Amino acid sequence: MSKMEVGVALGLEGSANKVGVGIVAHGKVVANVRRTFVPPPGAGFLPRETAEHHRKHFVTLVKEALAAANMTMADIDCICYTKGPGMGAPLQCGAIVARTLSLAWKKPLIGVNHCVGHIEMGRAVTGAQNPTVLYVSGGNTQVIAYSMQKYRIFGETIDIAVGNCLDRFARVLKISNDPSPGYNIEQLAKSGTVLVPLPYTVKGMDVSFSGLLSHIEKLAPAMLAAGTATPADLCFSLQETVFAMLVEITERAMAHCGSEEVLIVGGVGCNMRLQEMMGQMCGQRGARLYATDDRFCIDNGAMIAQAGLLMHNAGKHTPLVDATVTQRFRTDDVHVAWRD
């Protein structure tokens, strides 16, 4: 445990369809509870409905987290919440709870960048020292490396995130959203045998998924009707194509940085096929792959607590008047004061 991990932080996450509360004490996760808003098949999650879901569960989750950690408010050193990026209405729920707890408990408040939360949780859980990071989720797709107290973005999507691409194709096939559309696509893809050619769009260090999604959305009904491909084949083809694009730009970033570590974070990072493809690339380069399971890959409160505790010990607090949210909060806008 480093000196930056001393203390106890309570973290609140609610930037998308997951609402979670976690507690990190002296570098260890002692509580990490969450709920998921699950819309019906063929539908996505809308901001208002998602926010209503979060409002129903936040207070209960705070109580559950304290009970799981066997702690009271007196044990908490700081209140951390997701400032952004994310969906406006759900983010506001977390900020309101955080401000209320900060005032009621007289604890310092810390607004955390969602992506930085993922990175710091991944580093803490896996022990990765200075990895090239692939951050892949429903709202973000970035290749990141650390330099001079910033998480620098080497490449990213120029339109939609990879998780959004997968989720929206799941709607076309009317795949269940429980536990998540991406997980269900992954399971279906395992029985796919036909690789359907799809657009492969890598532009330097950046990727594009919107054209690929439009193409497969138009292609799918005709192929399914003709019997030339099954839903499993289409899921398999989509995964293979988008993951190959991600592996390519990650390897290019590694070569630029001279990196020997890759850390995958974000909800899509749970996908075992992505981990397998990235692991093969790392093996060829003599590098090491780090990834986490769904406890920490998927949005959770503990990751906000982990990053917030590091910020707390670096003296980075958020005045109440600035304890707002923003839907656009770049990873490289954060001063990473807790790292050399």
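Everything numeric here is computed off the predicted structure, so don't read it as measured data.

K.L.:
I'd like to hear about the pairing of strand E4 (residues 78–84), residue by residue, with values.
P.N.:
The element E4 is extensively covered by neighbouring structure, given that seven of its seven residues are classed as buried. Pairing between strand E1 (residues 8–13) and E4: four bridges, direction parallel. Following the sheet pairing, Ala9 is matched in E4 by Cys78. Between the parallel elements E4 and strand E5 (residues 109–113), the chain passes through helix H2 (residues 88–105) in a crossover that is right-handed.

K.L.:
How would you sum up the pattern of salt bridges? Please name residues and give values.
P.N.:
Summed over all chains, the structure comprises nine salt bridges. Between Glu120 and Arg123 there is a salt bridge, and its shortest N-O distance comes to 2.7 Å. Taken as a pair, Glu120 and Arg123 lie in helix H3 (residues 114–126) at a separation of three residues, close to a single helical turn. By relative accessible area, Glu120 is classed as buried at 2%. A relative accessible area of 19% places Arg123 in the buried class. Here Arg273 makes a salt bridge to Glu240, at a shortest N to O gap of 2.7 Å. With Arg273 in helix H8 (residues 272–285) and Glu240 in helix H7 (residues 231–257), the pair connects residues that are 33 residues apart, well separated along the chain.

K.L.:
If you had to explain the packing of helix H6 (residues 210–226) against H7 to someone new, which residues and values would you point to?
P.N.:
Between H6 and H7, the shortest axis-to-axis distance is 11 Å and the interhelical angle comes to 160°. By the angle between their axes, H6 is roughly antiparallel relative to H7. In this structure, the crossing between H6 and H7 has a hand that is right-handed. Every residue of H7 that contacts H6 at Leu212, Ile216, Ala220, Met223 and Leu224 is listed here: Pro231, Leu234, Leu238, Thr241, Val242 and Met245.

K.L.:
So what's going on with the environment of Glu64? Which residues, and what values?
P.N.:
As for its placement among the helices and strands, Glu64 is situated in helix H1 (residues 47–69). You can call Glu64 partly exposed: its relative accessible area is 29%. C-alpha of Glu64 to C-alpha of Pro181: the two residues are 117 residues apart in sequence and 27 Å apart in space. The contact partners of Glu64, leaving out residues within four places of it in the chain, are Val33 and Arg35. A distance of 2.5 Å separates a polar atom in the side chain of Glu64 from a polar atom in the side chain of Arg35.

K.L.:
If you had to explain the environment of Arg171 to someone new, which residues and values would you point to?
P.N.:
As for its position among the elements, Arg171 is in helix H4 (residues 162–172). Here the alpha-carbon distance between Arg171 and Pro40, two residues 131 residues apart in the chain, equals 9.6 Å. Once residues within four sequence positions are removed from consideration, Arg171 is found in contact with Gly42, Ala43 and Gly44.

About the cut-offs
Residues numbered from 1 in each chain as written. Predicted model: local features only at pLDDT ≥ 70, side-chain atom pairs only at ≥ 80, totals over all residues. Heavy atoms only, no water. Buried < 20%, exposed > 50% of the residue type's maximum accessible area, 1.4 Å probe, protein only. Helix = DSSP H or I, 4+ residues; strand = E, 2+ residues; numbered from the N terminus. Pairing = 2+ DSSP bridges. Right-handed = clockwise from strand over helix to strand, strands pointing away. Salt bridge = Lys/Arg side-chain N within 4 Å of Asp/Glu carboxyl O. Axes fitted to C-alpha atoms, helices over the stretch in contact; angles between N-to-C directions. Parallel < 35°, antiparallel > 145°, perpendicular 65-115°, else oblique. Left-handed = near helix turned anticlockwise from the far one by under 90°. Contact = heavy atoms within 4.5 Å. Polar contact = N/O pair within 3.5 Å; in protein donor to acceptor, adjacent residues only side chain to side chain.

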